[in-house]
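Survey of secondary and tertiary structure
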Amino acid sequence: MFKNIISMPKTKYLGFGLMIPWEDNLEIQFNLWKDAFTTGKIDKLKEVCGSEQVVGIFCYKCDMATKTFSYHIACENKLNALSSEFEELKLEALDFACFENSCTAVDKRFEQYNALCDEIWGKWLPDSNYISLIEPKTFGCVEGYALLEIYTPENPTNGSYNLEMLLPIKNK
């Protein structure tokens, strides 16, 4: 549920991901996390970036024609590293609306994730003085803007976790 509004500076990330459909995509996202932990790719990413915090970066790229968006797993690139294995993502200095949610069990993760999204896009956003910077209808898909997902513990595929979702916004 809504927590607060924060400002973040322009930030560089390194990560990996894929383009996924707008609809019915949660299983794809969670499978990306599962595979990344299983293969050790997240440990390698942390090492290359010099960062311990891993984030999901939702909708950094968007393709209106195919109705797909990107989903990346990334770390802040604290070492300014270059890597052929990972893609560089640059987020602009932005204001974010922060939301928190908890998942109590693996079999509830899709239901609880969707409930948070319904709360944000169905209730909070329409009643607020803000628009989403990743919403194609209100702002378009602009590279450099993305929603951030921070999981605690960082592996959302093992069971219960807390999720902090940071939605890039601007005043209406």
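For the structure itself, look to the data block above.
A brief structural summary. Here the structure is a predicted model, which means the values were calculated and not measured.

Rules used throughout
- Residues numbered from 1 in each chain as written.
- Predicted model: local features only at pLDDT ≥ 70, side-chain atom pairs only at ≥ 80, totals over all residues.
- Heavy atoms only, no water.
- Axes fitted to C-alpha atoms, helices over the stretch in contact; angles between N-to-C directions.
- Helix = DSSP H or I, 4+ residues; strand = E, 2+ residues; numbered from the N terminus.
- Left-handed = near helix turned anticlockwise from the far one by under 90°.
- Contact = heavy atoms within 4.5 Å.
- Nonpolar A, V, L, I, M, F, W, Y, C, P; charged D, E, K, R; others polar.
- Buried < 20%, exposed > 50% of the residue type's maximum accessible area, 1.4 Å probe, protein only.
- Pairing = 2+ DSSP bridges.
- Expected span 1.5 Å × (residues − 1).
- Arc of directions from axis to C-beta.

One way to put it is that helix H1 (residues 26-39) packs onto helix H3 (residues 109-127) with a least axis distance of 11 Å and a crossing angle of 115°. Between H1 and H3 the crossing geometry is right-handed. Only Arg109, Phe110, Tyr113 and Asn114 of H3 make contact with H1, whose side of the interface consists of Leu26, Glu27, Gln29 and Phe30. Here the contact of H1 with H3 is built from residues that sort into four nonpolar, two polar and two charged.

Right, let's talk about the pairing of strand S6 (residues 94-103) for a bit. In terms of residue burial, S6 counts as a mostly covered element, since seven of its 10 residues are buried. In this structure, strand S1 (residues 2-8) lies alongside S6, joined through six bridges in antiparallel fashion. When the sheet's bridge partners are listed, Phe2 is paired in S6 with Phe99. Bridge count between S6 and strand S9 (residues 161-171): nine bridges; the pairing is antiparallel. Counted as the bridge partner of Glu100 is Glu164 from S9.

Another point: H1. Structural remark: α-helix, 3.6 residues per turn; residues separated by three or four positions point the same way. Helix length check: H1, at 14 residues, gives a terminal C-alpha distance of 20 Å against a target of 20 Å (1.5 Å per residue), a fit within 8%. Every buried residue belonging to H1 is among Leu26, Gln29, Phe30, Leu32, Trp33 and Ala36, and all of these are buried. Projection of H1 onto a plane perpendicular to its axis shows the buried side chains occupying an angular sector of 150°, all on one side. Exposed residues pointing more than 90 degrees away from the buried face of H1 are listed as Glu27, Thr38 and Thr39. Directly beyond the C-terminal end of H1, a positive phi value near 85° is found at Gly40.

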